Every structure is written in C-alpha cells, then in structure tokens.
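Breakdown of the fold
Chain residues, written in single-letter form:
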Amino acid sequence: MKKVFILLVLVAGLWSCEDSVNISLNDAPPVLVVDAWINNKPEVQVIRLSQSQPFFESELPPPVSGAEITVSSSEGNTFTFSEEGVPGEYRWNPITNGNSIGAIGTTYQLSIRVDDESYTAVSQINRVPAIDSITFTFEEERNPFQPEGYYGEFVSTDPVGVGDTYWIRTFKNGIYQNRPFDLTIAFDAGFSQGGVIDGVVFIQPIQDAVNPLNEDLDEIVPYEIGDSLYVEIHSITNEAFFFLQEVQIQTQRDGGFDEIFAEPLENVPTNIINVNENSTRRAIGYFCVSAVESRGRRLTE
Amino acid sequence: MACVISLRRTWLVLFFFVSSWAGVAQEKFTLNGYVKDGGNGEALIGATVLIKEISGGGATNVYGFYSVTLAPGTYTVEYSYIGYASQSQTISIDSNQRLDIELAASGTQLEEVVIKGEAEDENVSSVEMSTNKLDVKTIQKIPAFLGEVDVLRSIQLLPGVSSVGEGSSGFNVRGGNVGQNLVLLDDAPVYNSSHLFGFFSVFNPDAVKDIKLIKGGVPANYGGRLASILDVRMKEGNSKEMEVSGGVGTVFSRLAVQGPIKKDKASFLVAGRRSYVDIFARPFTGDATLFFYDLTTKVNYDINKKNRLFLSGYFGRDVFRFDEQQGFDWGSITGTLRWNHLFNDRLFSNFAFFVSTYDYGFSFGENDLDRFDWESRILTYTFKPSFNYFLNTNNELLIGGETTLYDFKPADAQGVSDGVVTDISLDEKFSLESAVYVDNTQKVNDRLTLKYGLRFSTFQYLGVNTVYDYEIVEPGRRQQLVSEEEVDPSDIIESFSNWEPRFSFRYQIGKGSIKGSYMRTAQYIHLISNTAASTPIDLWTPSTNNIDPQIGEQVAFGYFRNFGSGNTYEASIETYYRDNQNQLEFVKGADLFLNEFIEGDLISGEGRAYGVEFSLKKNKGKLNGWISYTLGRSELRVDGINRNEWYPTRFDQTHNLKIFGSYILSARTSFSGNFTFISGAPVTAPTSRFTQQGLVIPFDYFDSRNGLRVPSTHRLDLSLTIQMRTEKKGRVRKNSDELVISLYNAYGRRNPFSIFFAQEDGQVLPGDPVNTLAYRFSIVGAPVPSISYNFKF
C-alpha cells in the first residue's frame, strides 16, 4: 500500500505539507505497563514493568520497582523473575537456574504482585519453522522506492495447519530494527487471518520485510558488501498476533497521503488481568512466550 | 412467503390509490408534449407550463415531458424555463392535443434575461424542499481546483453538504456518510464517483445537463440510501447541428462531440477526458505513471411521437503504476438503456435497464514467481419501470418498481511465492433488492400542496456460499464465529422488507411558504470504510444474517421566501433531524480486506444528525451567487466504542459556511470567488503512551473516540474568465472560446486534513527515549494557480 503513495506524493506533493504542531491533550493518571515477551533462547529473559506516561513526554518510561514476578508452567516449573540492578527490569537466567522454557504446547502463567494488587496473564509456546536460508540478490533499480542494490530475503516454510502466528525480527549489522514500520508479523505464510495462506513459503512481501527503509521511510536501503543480516522468527499466540496487528495500525503512521487511509486511533488490547475484578487499578501490555528459530549471513563478494 | 403476501398487499394499495382518482377526471382533454431547447434540441427538465386562466399547470419531468388536463375552452399557455425566453400560446382545447415546444436560450447577455413572474418562483411555490439543483452554467463559474470544473466539488458549496477534505472520495449530506448517498448517472447507480482520490469526480461537465441533490423529503420513486440522492442527467446530444467543445487544462484535456444522427430525430454525444500529468512527469518517474481517463456517451432516438429510446454509458479508469509490474487501478462502468413510451396522453412511462460496476485491483511483485494480485468488484443489474400519470392539473402520480441483482466479489486474489500459487479469493455474494412505490403530488388549493407516497422494499441475501454466524463476546472487539454452514444456491439465507412512507407539504403564507417533510428509508447495501476519508478501496457489502439493513427517518421543516422584484433573492431556512438505526461501525483493529470473516469485524449502533441550514441566493444582476450556512451535528452510539456514549462522526462539522459570488466585469470578462469556513473536524487523540519491546504505543486513558477537534478550515478561491473575441474582421465568429485563470487556496492556508500522532522518524538506539509528536497534514497547503482554455465550435 505504502508504495502507491510515493508516486502520488511526486505529483500532488507539490502543494501538500506536513508539520509538527502543538496540541494540548487531556491529563490522565498513569497505569501499570507490563512488557513480558519471553522466549526459549538460552539467555537471560527480561520482564519490564513501567508506567504509562503523558503522550508528549519524551523520556524513558518511569520504572515500577518492588514487584514480585513469577512465571509458572503447565509442566510444573516456576521461574522467579527478580529485579537486579536496573529498576523495573525483572530477570531470570535459564542457564544459572538449570531449567528452561519448555516444550511446544506448554502453557505459562504470569503472576505479578505489585502495590497490593495482583495481576495475571496466560500464554502458550507454539511451534516455529526453521529458517532454511538467507539470500542476497542484486537488483537493478525498479522504481524510486526500490533502488539498485542487494536485497536480502529469508526462506522458511510455514508448517501445514491453519493458525500459526509469528513475529519476524530483523537485525542489520547486529542492530535490531525496531521502528514502527519494521514490525513484521505473519499469520501462517501470509499477512492476516482472513486470507488463508497455509503450509507454504512465507509470501514475498514477508520475505522482503528484512530490507529496512531509510530514515524518511520512502526508500529501501539495500545491503552493501560487508553488511550482515540476522533474522529471528518468534512463534506467538494468535491473541498476541492480533495485539501486534493493532500495534501496527496505531504506530505505523507515516503521515502524508497515508493519512487518507489511516484508521482511527484506538487502544490496543491487553491480556494482563487484575485478579481482583472489583479493583479500579488496571494494567496494560502483553505477556507472550515464544519459541525462536534464527539464521544469519554476511553479504560477501 | 410473508414477503409474497406483503407484495400483493402493496399492489392492492397501489390499485386503490389509482382507482380512487380515476373517477375524478372526465369530460376533459389533455394537452401534452415535450419542452426542448431550441438551440440544440435538449429536453428541458422542470420547465414550467402555466395555464393563465386557471393559474395552474404543470412542469416537465426529467425527460422534458408535460401533460395538463383541461376542460374544453381557450387557454393562454405560457412555457418558461430559467435562462430561456418564455413563450405564450393561445390554444383552444376541444380534443387531446400534442404540442412540442422549443424555447430559445436568452443568451449570455444579462439584459436579455426575461424577468418572469411565477415561473421563477419555484423556491416558494414548489412542494420540494431540501432539494438543490445546479445547472452546468453555474458550475462552470465556480472557481475550481486546478481550473477543472467539477460537479461533486460544486455541490459541496450547497447547504448541508460537506466532505472531510481534499483527497476524500465522495461527499457527506446532513451528517450522513459517503455510502449513504445514492449517486445516479442517467438512472444507473455509480458506486464510486471519484477520480484521483476525490480531487475530481467521474462526471464530465461537458456531458452533464442537470444535477439535482435531494437531502430530505425524498419522493417514493427513490430509495436504497439514507442520506441523499444525487441525480445526474446527461445531455442527449445536440439534435440540430454538430457541436464540438473541449478544453485544455492543467490536469486533463477534454473533448466532446455531439450532433444529430438524423435532424430532430436522433442525436449522439461522446465526451472524453484524459489527465496528462504522467506524460510530463515521465522523464522523472520512469515507468511509474499516474493517470485517469473517462468516456461518457449517449445516443437517443425519437422513434415516433409515442416512443423514444436512449442509450447511455460511462467508462472510466484511474491507473497508478510504479513500474511495469506493480500498481493500483480502479474504475466504473455504467450502461443505461431507456425506453420512454406514451401509453396515452396522460400516462408517460419509462422502462430502464441498467448495469453498473465498480472494481479495483492491486498488483505487487517483481516477477511471475513472486507476485501478489488482488481484485475486488461490485456488479449490479437493474430493471426499473416507472409510470408518470398526469391525473389532472392538481394531481400527478408516480408509480413504479425497481429490482436489482447484486454480485459482490470482495476479493479475487492470488499470491505467488517462489512459484507456488496460493489462491486467497473470497466467495462471491449475491443478493436481490426490489421495491414498488406510488407517489402523488396533489395541489389541494393555491396555498396548499401535498406530496405523499409509499415505497415497499425487500432484500434477499442469496445462498451461494458459506453462511457464518457470529456472536459478540466483548463489545467493540472482534466477534466470535459460532457456526459455519454450506448452503444451497437456491436458499435465501436472509430476507428483509420495509415499508417506507414519504410525505411533504407546502403551505403558502403571504410571499413565503412553509414546507415540511417526513421520510423513512431503508438501505440494504453498506459501504465499508473505517479510514479517515472515504477511499477508492472501500468495499460494498450486502445485508446478511449478521448485518441488518440501515433504517433512517428524517423530519424537516423550512420557511422559503423570495425578495426583490422578479424574485431577485431566494432565501430559505430549513431544520432537520435524522434518526438512523443499524449504522455500521468496526471493531477495534478491524481487518476489512481479504478477510473471510469480515462480518465478525462489523458491528452496528445508532446514529443521529440534526441541524439548521440557511441559504440566500441572488440569481440576477451583475453580481450573483449565494451564501449557505449549516449548523449541524452528526453522532453515533455503538456498544463498546467511546465508553458506550454518543460520539461525533468524522464528518461532524458544527459550522459550515460557504459563500460564492460571481461578478460580471464586462461583456467578456467575469470574476468569481468562493469562500469556505468549516469548523474543525473531530479526531481521536491519546492521553498517554506506553512501551512494549521498544515500541511506543499511544494510549487513551479515557477510551474515547473523536474527542479532539482539529483547527478549523477556511479557504478562498478566485477565478477570472475571459471570453475571447467574439468577432473576427467585423464578423461574428461562429466559434467561441474562453480563458479561465484561477487561484485555489488564495491565501495559502494550511488546512489540516488530519492531525495524527506518531513516533519521530529514525532509528532509536536501545536505552534512548523515543520522541512522539502530533503532526498536521495538509493536502493543499499552498496557493495553487492554474490556467485553462475552453472552446466550442
């Protein structure tokens, strides 16, 4: 969709303009934010607790300290996440603790006790396909959006069976590509639940999503000799997929003629529940447990 | 079965309607015929036929036909039409008579305009309210964006009409959404009326004769949409002589050819346009291209005095390609075949058959092994017989019916990935919409006129696919699929029917009149759009077992008054209230495209809109134009949205002021301008933000919708029209041509199309805070000058 507008901007962009403006927004009290995306990689797992902040406050989110956090599995394991050093960051090390996030299909329950309130959330670890290869192909300039250069893609096949959902994360030269437009998710081998594309290689736009855009988001930056590309596929629950789909809608605001197609601002869902149904305190954010497959490659001559 | 019974009942009602009047007319004779433009043979719509002796008469219908029934005697009959010299004839009526009249245009010279008394009193004397007419001559005077005259942009200067801004397809009437307008081109519905994302419309001004916008008190012969009817009638083509007209503008060029096939018997019209920005831009854009074109054509044939045939069509397309393989295109096709038949002197009939389709498609991918192609389409076939029965000078009856077969193809899509083809097409949906109606305009006395009618409509969602059933789990969130069932093609999955009463009156008080109307309408097909503006990719979808038809009711009252000698000023004030049921909304995070389970993402609520419209028009003199002002509100209430409270729609505009003026500087030059002021549109704003995995997400603590207003919009547009020399070497030129210089957004105001909230561009390093800002996007943020040249010979 985005590409369509580049051309439109070329023509109509003569008179259109965009600028940042000062708007006064309503004041609102902060709410607890749970950022709990953990996986089966053999490395330290982190859950972050923070507070929501005023929209225009360009600071790191205020941490929430002093919470007790555990994750318990249907296999009977309990992992205690403890706050060490950095306020608001709760860590658990699978190596030093001698156990790990377990087999596909296991369910996990997150329990948080903070400020005399208890919150809980549930997730499940789902299957993830291996990445068979990463390739680079030299392409001539195709249009102003796709200049000449090396384009990366990853090859992986969604397993047969409808309902696998993934988060695909790209690292270019070791840096996690984490701008709103870098957020890539897949429902089976396609973009969404509605059009079922199951049990095949991820569709082309998803394979191509490992080519990040430039700062102005109007052109792909091809890979150069010596660059590296590392791709991770995280299996996520269907609910987490729908959560991220809404995150895409809410954060991928490029402005310009995209605004014609923009959907209204909405609150994204959460799976964090206050155990006390009568409490007025609520939490937002998400808990998801993933299985991860990865592969990397450096572009050489 | 229930449906069959009620249909039969409807015919019974119709029968009584007709038979109760049949006894009234006896021992009288009928005078009828067509009123046409003497210059080119075009039928004149709404020309007045005044019988002086009885101070009554009639008006021509949309085909230019009139019929008045009189007792034997000698009468003075005056035929008149705005902008034409009226004609009086003394006629002795002793048998039924046919009298076709040709009126001569009064020319462009101001002083030639014949000041007529009652003929131009329509504002006050007609029972019609909430109705606006614009002729092409007026539209051409309005300063246009890039100098390109446009029908849809012109109607936005009328009271009660608005749009969410440049770049939005369609228009909003009295707080209704774009999909609640029925747009007709020679009877055929147009499912998307925009070119270039709404900068221009599909109606070629060279081919348009007359447009009529009905915002309330919609007569029973129209139905199927809640907010308005925009009835666009095409020219028939000059039946006297060949005529070529056209223009060269900044964006596109136009050419229209019309003329007789057989003088006064048959004529044709072919009008085409094409934009050419792409041709100039090619050196810079390579294979990338952007253009649109359209072709409007019509042929008509007077078989004999009782039969007339029309065939008209529209074909247009917008194409955006960013290279040879990838792009986006959309377009409409409509075709109408009409047969006018006079059963007798007083019974005029029209049988129309029309086809209309709208489709769009996307293509992405580098080569045949890695591609993604997607097409979507709506296709409809309609048969519409209608009868116009001129009972007597005091009653004019409309009876008819309409039946439409809909074929919706939401997606025909294929993904090809490393050579593996996956078909992700969605099932087609079929449905049938039918209606019968009767409508009578009754002149009770000189002061009181009534118009009353009844429409009975039915809709069947036909079974040719899988039927899904959904259930709401959490209001405002995606509904859960409860069951899925394959059905037989012969099954009717769901059936709806509605009685739609319509009523209006007009009562004369002194020099003004009071008018009132009530209408109930049902809308069975819905335009799905949850974007800020309506776009070319909006989908039409039928009412189903999960989606109920929209039902709307509207009451309106108004006072109409003319001032000055010869009705120089026309003024009106109208107030309306609309109550709408089953208004479509979308769940949070709705997935509207390529979604088999789309009905699970559609929810509904109630809507209301109310307001006051004020209009003052000056029709004569060196300076003419109008002021229109609307104070209005348009709101929705849907479970699960905005804490279940009422919220304003995206097109809720508190104040909407439009001023248009045209001043004749000299015989050959005229200057015109229009000014627009619109209150800020509502937008949803966050209060807070939160972070997930490094992504900063906006959050509204209060969970509200459309709670913030963007700054107001105002704009001034100017244009200067210079008629080229009308004489050459002392002789009058046969050709005429003009130069139009225009300046859009004269003082370069940056009117916001939207205010949006986003993260600042650029990569954020881990550990660094993220900046989030509010941005204003203006589609036209600078003055836009243009020049165009029009000719006719």
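Values in this document were obtained by computation on a predicted structure and should not be read as measured data.

This paragraph deals with the overall build of chain A. Within chain A, the regular secondary structure consists of four helices and 18 strands. The C-alpha radius of gyration of chain A comes to 21 Å, within 12% of the 19 Å expected for a compact globule of 301 residues. C-alpha atoms of chain A, sized along the principal axes, occupy 60 × 50 × 40 Å. In chain A, which comprises 301 residues, the share counted as buried stands at 44%. Restricting the contact set of chain A to residue pairs at least 6 apart, pairs at least 24 apart contribute 65%.

This brings us to the overall build of chain B. When you go through chain B residue by residue, the secondary structure sums to five helices and 53 strands. For chain B, whose C-alpha radius of gyration is 27 Å, the value lies close to the compact-globule estimate of 28 Å for 793 residues. Seen along its three principal axes, the alpha-carbon backbone of chain B occupies a region of about 95 × 75 × 50 Å. A buried classification covers 51% of the 793 residues belonging to chain B. A separation of at least 24 residues holds for 65% of the contacts in chain B among residues at least 6 apart in sequence.

Below, the discussion takes up the domain arrangement of chain B. Residue and element names in this part refer to chain B. Domain boundaries in chain B define domain 1 (2–110) and domain 2 (231–679). Computed from C-alpha coordinates alone, the two centres of domain 1 and domain 2 are separated by 29 Å. The interface is formed by 31 residues belonging to domain 1 together with 33 residues belonging to domain 2. Among the secondary structure elements, those contributing two or more residues to the side of domain 1 that touches domain 2 are helix H1 (2–22), strand E1 (29–37), strand E3 (56–59) and strand E4 (65–70). Of the residues belonging to the side of domain 1 that touches domain 2, the class tally is 15 nonpolar, 14 polar and two charged.

With that settled, consider the sheet that holds strand E17 (residues 228–234) of chain B. Residues and elements named next belong to chain B. Spatially, five strands are ordered E9-E16-E17-E12-E13 in an open sheet, and the strand pairing comes out mixed. Only two strands of the sheet have a single partner each, and these edge strands are strand E9 (131–135) and strand E13 (188–189). With five bridges joining them, strand E12 (residues 181–185) and E17 adopt parallel strand pairing. Bridge pairing in E17 links asparagine 181 to serine 228.

The predicted model of chain A has a mean per-residue pLDDT of 88, with 94% of residues at 70 or higher. Low confidence marks residues 1–12 of chain A, where pLDDT is under 50. Its contacts with residues over four positions away, or in another chain, come to 28 contacts.

Attention now goes to the interface of chain B and chain A. Between chain B and chain A, the contact holds 82 residues from the first and 80 residues from the second. Here the residues of the side of chain B that touches chain A are counted per class, giving 41 nonpolar, 28 polar and 13 charged. The pairing of strand E1 (residues 17–21) of chain A with strand E52 (residues 772–778) of chain B spans five bridges and is antiparallel. Opposite A:Val21, over in E52(B), you have B:Ala774 as the bridge partner.

A general feature of soluble globular proteins is that nonpolar side chains tend to end up buried together. By size, the foremost hydrophobic cluster in this structure holds 183 residues, and its most contacted members are A:Val34 and A:Ala186. Apart from the residues within four sequence positions on either side, A:Val34 is in contact with A:Leu49, A:Ile112, A:Tyr119, A:Ile272, A:Ala283, A:Gly285 and A:Phe287. Ranked by size, the runner-up nonpolar core spans 37 residues in total, among them B:Ile51, B:Phe348, B:Ile399 and B:Val436.

All names here are of chain B. When pLDDT is averaged along chain B, the result is 86, and 93% of the positions lie at 70 or above. The low-confidence segment residues 10–25 (pLDDT under 50) makes 14 contacts with residues lying over four places distant or belonging to another chain. Predicted confidence for residues 108–119 stays below pLDDT 50, and this span has 17 contacts to residues more than four positions away or in other chains.

All names here are of chain B. With respect to the element layout, aspartate 323 can be found in the loop between strand E22 (307–321) and strand E23 (327–342). Taking the number of C-beta atoms within 10 Å as the measure of exposure, aspartate 323 has 20 and is therefore buried. Between the alpha carbons of aspartate 323 and glutamate 635 there is a distance of 43 Å; along the sequence they are 312 residues apart.

All names here are of chain A. In terms of domain boundaries, chain A breaks down into domain 1 (32–126 + 267–290) and domain 2 (127–236). Once you take the C-alpha centre of each, domain 1 and domain 2 turn out to be 28 Å apart. Its residues assigned to classes, the side of domain 1 that touches domain 2 shows three nonpolar, three polar and no charged.

Before going further, it helps to spend a moment on the sheet that holds strand E2 (residues 32–39) of chain A. All names here are of chain A. Sheet architecture is open: nine strands sit in the order E16-E9-E8-E5-E6-E7-E3-E2-E17, paired in mixed fashion. The open sheet terminates on both sides in strands that have one partner only, identified here as strand E16 (273–274) and strand E17 (283–290). Bridge count between strand E8 (residues 107–114) and strand E9 (residues 117–124): eight bridges; the pairing is antiparallel. Looking at E9, one finds that tyrosine 108 is bridged to serine 123.

Moving on: the pairing of strand E5 (residues 68–73) of chain A. Residue and element names in this part refer to chain A. In this structure, E5 lies alongside E8, joined through six bridges in antiparallel fashion. Each residue of the ladder has a partner; that of serine 72, found in E8, is glutamine 109. The sheet contact formed by E5 and strand E6 (residues 78–83) spans four bridges and is antiparallel. Counted as the bridge partner of isoleucine 69 is phenylalanine 81 from E6. Between the antiparallel neighbours E5 and E6 lie four residues, among them glycine 76 with a positive phi of about 100 degrees.

So, on to helix H4 (residues 238–251) of chain A. The end-to-end C-alpha distance of H4(A), which contains 14 residues, comes to 20 Å, matching closely the 20 Å that a straight helix rising 1.5 Å per residue would cover. Counting buried positions along H4(A) gives eleven out of 14 residues, so the element sits mostly inside the fold. Restricting attention to buried positions, one finds in H4(A) the residues A:Ala240, A:Phe241, A:Phe242, A:Phe243, A:Leu244, A:Gln245, A:Glu246, A:Val247, A:Ile249, A:Gln250 and A:Thr251. Against strand E12 (165–172), strand E14 (184–187), strand E15 (228–236) and E17 of chain A together with strand E45 (695–699) and strand E51 (754–759) of chain B lie the buried residues of H4(A).

Regular strands show a simple pattern: their side chains alternate between the two faces of the sheet. In terms of burial, strand E44 (residues 688–692) of chain B is a largely internal element, four of the five residues being buried. As defined by bridge partners, strand E4 (residues 53–54) of chain A adjoins E44(B) across two bridges and the pair is classed as antiparallel. Counterpart to A:Pro54 in the pairing with E44(B) is B:Ser688. The pairing of E44(B) with E45(B) spans five bridges and is classified as antiparallel. Across the sheet, the residue bridging to B:Thr691 is B:Val696, located in E45(B). Counted along the chain from E44(B) to the antiparallel partner E45(B), the turn is two residues long, and its residue B:Gln693 has a positive phi close to 50 degrees.

Let's shift gears to the environment of B:Ala533. Its place among the elements puts B:Ala533 in the loop between strand E34 (525–528) and strand E35 (539–542). With 26 C-beta atoms counted inside 10 Å, the residue B:Ala533 sits in the buried group.

A few words now on unusual backbone geometry. In the Ramachandran plot, A:Asp115 falls in the positive-phi region, its phi being about 50 degrees despite a non-glycine side chain. By the secondary structure assignment, A:Asp115 is in the loop between E8 and E9. The phi dihedral of B:Arg643 is positive, around 55 degrees, even though this residue is not glycine. Relative to the assigned elements, B:Arg643 resides in the loop between strand E39 (623–637) and strand E40 (647–648). Residue classification places B:Arg643 among the exposed residues on the basis of 11 C-beta atoms within 10 Å.

What counts, and where the lines are drawn
- Residues numbered from 1 in each chain as written.
- Chains lettered and ligands numbered in written order.
- Predicted model: local features only at pLDDT ≥ 70, side-chain atom pairs only at ≥ 80, totals over all residues.
- Helix = DSSP H or I, 4+ residues; strand = E, 2+ residues; numbered from the N terminus.
- Rg over C-alpha atoms; globule rule 2.2 N^0.38 Å.
- Buried ≥ 20, exposed ≤ 12 C-beta atoms within 10 Å, placed from the backbone.
- Contact = placed C-beta atoms within 7 Å.
- Domains from an automatic or database assignment.
- Nonpolar A, V, L, I, M, F, W, Y, C, P; charged D, E, K, R; others polar.
- Pairing = 2+ DSSP bridges.
- pLDDT = per-residue confidence, 0-100.
- Core = buried A, V, L, I, M, F, W, Y, C linked by C-beta atoms within 7 Å.
- Expected span 1.5 Å × (residues − 1).

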